[in-house]
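Commentary on secondary and tertiary structure
Given next are the chains, with one letter for each unit.
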Amino acid sequence: PSGSSKSLYALRLVKQGGFVGSFYWNAHYANEAVTAVDYALSYFDPNTEIQGSRYERIARCLREHRYLLVLDGCERLLRKGEHRGEGISYSVTFRRLLSVFADPRSQSTVVLASRLWPADLDLLQRERKGKPLVRRVSAPRAEARDLLKGELFAPLLELGYCQELDLGLRKELRRRLE
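The sections below set out a description of the structure shown in this document. (Residues numbered from 1 in each chain as written. Predicted model: local features only at pLDDT ≥ 70, side-chain atom pairs only at ≥ 80, totals over all residues. Heavy atoms only, no water.)

Points about the pairing of strand β2 (residues 67-72)
As a reminder of what qualifies: Each residue is placed in one exposure class: buried if its accessible area under a 1.4 Å probe, protein chains only, is under 20% of its type's maximum, exposed if it is over 50%, and partly exposed if it falls in between. Put simply, DSSP marks the helices as runs of H or I at least four residues long and the strands as runs of E at least two long, and each gets a number from the N terminus on. Paired strands, as defined in this entry, are two strands with at least two bridges between them according to DSSP.
Of all 6 residues making up β2, 6 are buried, and the element is well covered by its neighbours. On β2, burial covers both faces: Y67, L69 and L71 on one face and L68, V70 and D72 on the other are all buried. Across 5 bridges, β2 lies against strand β5 (residues 109-113) in parallel orientation. Bridge pairing in β5 places L68 opposite T109.

Regarding the packing of helix α3 (residues 54-64) against helix α4 (residues 92-101)
Heads up, the rule is: To obtain each axis, a line is fitted to C-alpha atoms, and for helices this fit is confined to the stretch in contact; angles are then taken between N-to-C directions over 0 to 180 degrees. Should an angle fall under 35 degrees it is called roughly parallel, over 145 degrees roughly antiparallel, and 65 to 115 degrees roughly perpendicular, with every other angle called oblique. Two helices crossing with the near one rotated counterclockwise from the far one by less than a right angle form a left-handed crossing, whereas a clockwise rotation gives a right-handed crossing. Residue contacts are defined here by distance: any two heavy atoms, one from each residue, within 4.5 Å place the two residues in contact. By the convention adopted, Pro, Cys, Tyr, Trp, Phe, Met, Ile, Leu, Val and Ala count as nonpolar, Lys, Arg, Asp and Glu as charged, and the other residues, Gly among them, as polar.
One can describe the packing of α3 onto α4 by two numbers: an axis separation of 9 Å at closest approach and a directional angle of 25 degrees. One element, α3, and the other, α4, form an angle in the roughly parallel class. The way α3 lies across α4 gives a crossing that is right-handed. Residue-level contacts link Y55, I58, A59 and L62 of α3 to T93, R96, L97, V100 and F101 of α4. Grouping the constituent residues of the contact of α3 with α4 by class yields 7 nonpolar, 1 polar and 1 charged.

Concerning the sheet that holds strand β1 (residues 21-26)
Two pairing modes exist for strands in a sheet, parallel and antiparallel, and in both the strands are linked by backbone hydrogen bonds. Spatially, β1-β2-β5 is the arrangement adopted by the 3 strands of the open sheet, whose pairing is parallel. Two strands lie at the open edges of the sheet, namely β1 and β5, each paired on one side alone. Between one strand axis and the next, the sheet turns by 10 degrees as a mean value, whatever way the strands run. As paired elements, β1 and β2 share 6 bridges and run parallel to each other. Counted as the bridge partner of G21 is Y67 from β2. Contacts from helix α2 (residues 33-44) reach β1 and β2, with the element oriented near 160 degrees to β1.

Re the pattern of salt bridges
Selection criterion: A carboxyl oxygen of Asp or Glu within 4 Å of a side-chain nitrogen of Lys or Arg is what we treat as a salt bridge.
Across all of its chains, the model carries 7 salt bridges by this definition. Residues R60 and E64 are paired through a salt bridge, measuring 2.7 Å at the closest nitrogen-oxygen approach. A residue pair is termed a helical-turn pair when its members lie 3 or 4 positions apart in one helix, as R60 and E64 do in helix α3 at 4 residues. What makes E64 partly exposed here is its relative accessible area of 40%. Here R105 makes a salt bridge to D103, at a shortest N to O gap of 2.8 Å. Look at R105 and you get exposed, because its relative accessible area is 56%.

So this is what it looks like as structure tokens:
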């Protein structure tokens, strides 16, 4: 939901490290999927050593390296779906990217910070008929004391995607509570 500090904690996750490289993009418009991927590729493959379409290139980057890719504001790339809290991709471009992000061969972590769950991921899961490819982390409007315990990113910690929540972040939250 709005106001749960998704952007703040996504940025903190990027700064923590533990990955070969990290990239953060905050989407502002429904047509930004291509721009986001092009910018990510300029970081992950700056010399254009990987050949192919932007989709093939980003897929290979995510498969061959342990990157962190954060797309914040993903609800702007979705239109409301038939179920509350869900959205469907506005564009074929973003749907193709979701397919790349959900590739089980990926060594990377992709965080989609959004007020809406991309229902396309559920469709992709059913098409693949395999074990879950993505983990959905829902955060209600977070209280600072809950964030101190690291509950917002606890699932990422459990899966070994980052070492521990930044001590500076905890101190900052503790200060705000006082």
